[in-house]
Amino acid sequence: MEQREENVLKQLDVLILAAGLGTRMRSNLAKVLHRLDNRPLINHVCRTAATLAPRKIYVVIGHQGEDVRRAVLEELDEEHAEFVWQKEQLGTGDAVNAARPFLENVDSTLLVLSGDVPMIRAETLAALVQQHHTHRGKGAACTILTVKLDDPTGYGRIVRDSEGLFSKIVEQKDASEEEKAINEINSGIYCFDTRKLFDALSKVKNDNAQGEYYLTDVPHLLREAGEDIAIYRHNDAHEIEGVNNRVQLADMERILCRRTIRRMMLDYGVTFIDPKNTYVSEQASIGRDTVIYPNVVIEGDTRIGDGCTIRSGTRITNSKIGYAVEILDNCVIVDAEISNQCTVGPMAHLRGHAKMEEKSKVGNFVELKKTILGRGSKASHLTYLGDATIGEKTNIGAGTITCNYDGKNKHATEIGNNVRIGSDTMLVAPVRVGDGAVTGAGSVVTRDVPEDTLVYGAPAKVRKNLKETEEEKAESQTSNQA
Ligand code: UD1
Ligand code: CA
């Protein structure tokens, strides 16, 4: 009993294997940097591991190690992550062995995870650790997370003895026909008594089909030495699936998305007209009674309120949308904020921290970049508004353009409240249009417009030929004189 308590109190460390290239991906990019739900695989594993609040998370890196390190540090604080370089990828046993200098004499429980098994849930890992610590009242030397698969091809198989106890793990390439028929597989996720792991690891050899040092030999060696090996068999196969090729990656993306949409329908009350042809990130949230039409893509940290309608072909990325917002077909909305009861589209483009205040409207072929469109204001047709601030109840006529770029710098446009910008107005920034002002159709506004003032007309006149050289200028001056 005492020993058991000791075990429960044992410190938890995590080790994530992420040094391999992932040959089967046929990619120039290291496997753990491939994206699921638009985040590198390794980030999923790191985020899940961090929720267990371990003392340290060791990440074994090798292939594109600097890039993997950067990805990990997007997810973990520097003080909680420790990077371990594996110089040559000689197998999973060798990968763990690379952490020997850090861990060999540490009294802890080591949870080993794979950088390419991203769907594993924190609850499952917590249950694994729990079983490891309490196995037979005193804890196990190693606990293996396993699952039964209809098609176990490619995975290491769990061989049990006549009493059903763990005997060994045999890799696909080393398995006999009889062993290949076993459908209980090794998830590649384990808990170890850290000291016992490193003791056994020094005895692992590479005399197998792949000439690699297999971590999977360790449980067998421990058992031979009389240690207790526990098995935690999980029932959700998807959680344990590894990504070894792009087919598996695409399958996983689909499963994750399907789960997200299902959760949104059942728990949040969101309507999806065609769930199979809709993409929603796991990180997004959508409010009650919002209706999502087919072929909508909702990515990243996007928050959508209650009672919205999002029509087909629209993509929304990292944006915040209030309640009762109507977004028509084929809009692209990135890093934007749309307040309550706004209307957008069809075919509108909002980006670069564009913000629409309540009850404002953006119509067909309108682009907003780094622009605030005030409460109740409208830009209904064919317009570009960049680096602009627009007040309340202002109407921006069809074909209006803020000429915000002079070829070198971007300049701001400020438009007040209750302004009527006539069709086809060019606002040459920097420029301000006061409250209640009106611009005539086709105006080219190059100077500030005072409040309640009507301006119109185009000042465009030929000033100079930009290509004319100084020499030519001098020449033409002489001929003029002649
Ligand atoms: C491994 C297991 C297998 C299990 C499967 C579950 C071994 C020998 N086999 O096989 O029993 O069913 O995972 O998904 O462990 N890595 C390194 N350095 C290396 C080799 C691999 O860091 O030298 C990393 C990889 O980047 C990867 C992880 O270890 O994240 C697993 O390696 P992988 O080659 O994918 O092993 P599997 O063949 O899938
Ligand atoms: Ca794998």
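One can find the structure itself at the top, above this paragraph.
These notes cover the structure that comes with them. (Residues numbered from 1 in each chain as written. Chains lettered and ligands numbered in written order. Predicted model: local features only at pLDDT ≥ 70, side-chain atom pairs only at ≥ 80, totals over all residues. Heavy atoms only, no water.)

Turning next to helix α8 (residues 194-201). Among all positions in α8, only T194, L197, F198, A200 and L201 are buried. Across the axial projection of α8, the buried residues extend over an arc of 165°, all falling on one side. Structurally, α8 contributes buried residues whose contacts are with α4 (92-97), α5 (100-103), β6 (108-114), β10 (184-193) and α9 (217-224). Structurally, the start of α8 carries an N-cap: the backbone nitrogen of R195 is 3.2 Å from a side-chain oxygen of D193. (Buried < 20%, exposed > 50% of the residue type's maximum accessible area, 1.4 Å probe, protein only. Helix = DSSP H or I, 4+ residues; strand = E, 2+ residues; numbered from the N terminus. Arc of directions from axis to C-beta. Contact = heavy atoms within 4.5 Å. Polar contact = N/O pair within 3.5 Å; in protein donor to acceptor, adjacent residues only side chain to side chain.)

Now for the coordination of the calcium ion (ligand 2). The protein atoms that coordinate the calcium ion (ligand 2) are D116 (OD) and N244 (OD1), at distances spanning 2.4 to 2.6 Å. Taken as a pair, D116 in the loop between β6 and α6 (122-134) and N244 in the loop between α10 (237-240) and α11 (246-268) lie far apart in primary sequence, 128 residues in all. Considered together, D116 and N244 belong to a single accessibility category, that of buried residues. (Donors = N, O, S within 2.8 Å, 3.2 Å for Na, K, Ca; no water.)

Attention now moves to α6. Here α6 spans 18 Å end to end across 13 residues, near enough to the 18 Å set by a 1.5 Å rise per residue. Phi turns positive, to about 50°, at R136, one or two residues after α6. (Expected span 1.5 Å × (residues − 1).)

Here the focus is the layout of surface pockets. Taken as a whole, the largest pocket encloses approximately 1,300 Å³ of empty space. Listing elements by their share of the lining of the largest pocket, those giving two or more residues are β1 (11-18), α4 and β10. In terms of residue count, the dominant contributor to the lining of the largest pocket is β10 (4 residues). Put simply, the second largest pocket is a space of about 460 Å³. Along the walls of the second largest pocket sit 17 residues, with M119, I120, R121, L256 and E282 positioned nearest its centre. Of all the secondary-structure elements, those providing two or more residues to the lining of the second largest pocket are α2 (41-50), α6 and α11. (1 Å grid on protein atoms, 1.4 Å probe; cavity = no way out; pocket = protein on both sides within 12 Å on 5 of 7 lines; lining within 4 Å. Points joined across faces, edges and corners; volume = space filled by probe spheres on them.)

Another aspect to go through is the site of ligand 1. Close to ligand 1 lie 24 residues; Q86, G91, T92, E171 and N186 are nearest. In the model, an oxygen atom of ligand 1 is placed 2.9 Å from a nitrogen or oxygen of the G20 main chain. Within the backbone of G91, a nitrogen or oxygen atom sits 2.9 Å from an oxygen atom of ligand 1. Considered on its own, ligand 1 offers 750 Å² of accessible surface; in the complex 90% of this is hidden by protein. For ligand 1, the cavity whose grid points lie within 2 Å of the majority of its atoms is the largest pocket. (Near = heavy atom within 4 Å. Areas by Shrake-Rupley, 256 points an atom, 1.4 Å probe, with all protein chains shown as cover. Sits in = over half its atoms within 2 Å of the grid points.)

So, about the sheet that holds strand β30 (residues 388-390). As summarised here, the arrangement of the 9 strands in space is β14-β17-β20-β23-β26-β28-β30-β33-β36, forming an open sheet in which the pairing is parallel. Edge positions in the sheet fall to β14 (285-286) and β36 (431-433), since each of these pairs with one other strand and no more. Here 3 bridges tie β30 to strand β33 (residues 413-415), and the two strands are oriented parallel to one another. Each bridged residue has a counterpart across the sheet, and for I390 the counterpart in β33 is I415. (Pairing = 2+ DSSP bridges.)

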